[in-house]
Amino acid sequence: MMSLFADEARVEDPKIGRKEVREFYSKSLSGGNKLELLASPRGSYGKAATITFAVHAQMEVRSFRIDVTDVMTFDSNGNKPTRTQMICNIYSSTIIK
């Protein structure tokens, strides 16, 4: 997965740096958590794009869903994200069971 990101990639969650990006995604997708794409990615003529998805996760005996929109800024070639801003509200997440 890390090959998708530029060397100077950072995720503002508020983690920064490539090592923290790797740790963030490793933890986010561990324990059976799943991601569901909610809308097609949206791009611009600039160096940015968005992707909207749901995180389906479980804590103890409860399942829940958090909707997230990532705003990614890409390197000068437009190939790899150098910055990702996550927009979500865990306080409005949905408890499924």
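Criteria and cut-off values
- Residue indices follow the written sequence of each chain, beginning from 1 at its first position.
- At least 70 in pLDDT is required for a residue's local features to be given in this predicted model, at least 80 for side-chain atom pairs to be given and counted, and no such filter applies to totals for whole chains, interfaces and linings, which use all residues.
- For side-chain calculations, the full set of non-hydrogen atoms in the structure is used, while hydrogens and water are omitted.
- Put simply, a nonpolar core is a bunch of buried Ala, Val, Leu, Ile, Met, Phe, Trp, Tyr and Cys residues held in one set by side-chain atoms that sit within 4.5 Å of each other.
- Exposure is judged per residue with a 1.4 Å probe applied to protein chains only, and the accessible area is read against the type maximum: over 50% gives exposed, under 20% gives buried, and values in between give partly exposed.
- By convention in these notes, a salt bridge is any Lys or Arg side-chain nitrogen within 4 Å of a carboxyl oxygen on Asp or Glu.
- Here a strand is any run of E in DSSP of at least two residues, a helix any run of H or I of at least four, and the numbering for each starts at the N terminus.
- At least two DSSP bridges between two strands are needed for those strands to be called paired.
- Looking at any residue, its pLDDT shows the predictor's confidence there, from 0 to 100.
- Only heavy atoms enter the contact rule, under which two residues are in contact if any of them lie within 4.5 Å.

### Observations concerning the nonpolar core
Then, number 1: M2, F5, A9, V21, F24, Y25 and M86 together form the largest nonpolar core, which totals 7 residues.
Then, number 2: Within the second largest apolar cluster, 6 residues are counted, among which are A57, F64, I66 and V68.

### A closer look at the pattern of salt bridges
Opposite charge on two side chains lets them pair, provided their charged atoms get close.
Then, number 1: Counting across every chain of the model gives 2 salt bridges.
Then, number 2: With a shortest N-O distance of 4.0 Å, E23 and K19 are connected by a salt bridge. Here the residue E23 and the residue K19 both occupy positions in helix α1 (residues 18-28), the gap between them amounting to 4 residues, near one helical turn.
Then, number 3: Residue class for K19 comes out exposed when judged on its relative accessible area of 57%.
Then, number 4: Across the pair D67 and R65 runs a salt bridge whose closest N-O atoms are separated by 2.7 Å.

### What about the pairing of strand β2 (residues 34-43)?
Then, number 1: Of all 10 residues in β2, 0 are buried; the element is thus mostly exposed.
Then, number 2: The antiparallel pairing of β2 with strand β3 (residues 48-59) creates a hairpin that spans 4 residues between the two strands.

### Some thoughts on the confidence of the model for the chain
Then, number 1: Taken as a whole, the chain shows an average pLDDT of 79; of its residues, 81% reach a score of 70 or greater.
Then, number 2: Looking at the elements of the chain, mean pLDDT is at its lowest for strand β6 (residues 94-95), recorded as 62, and at its highest for β2, recorded as 90.

### Describing the environment of A6
Then, number 1: Its place among the elements puts A6 in the segment before β1 (10-12).
Then, number 2: Each C-alpha atom, one on A6 and one on K80, is 5.1 Å from the other, the two residues being 74 residues apart in sequence.
Then, number 3: In contact with A6, other than residues within four places in its own chain, are R18, K80, P81 and T82.

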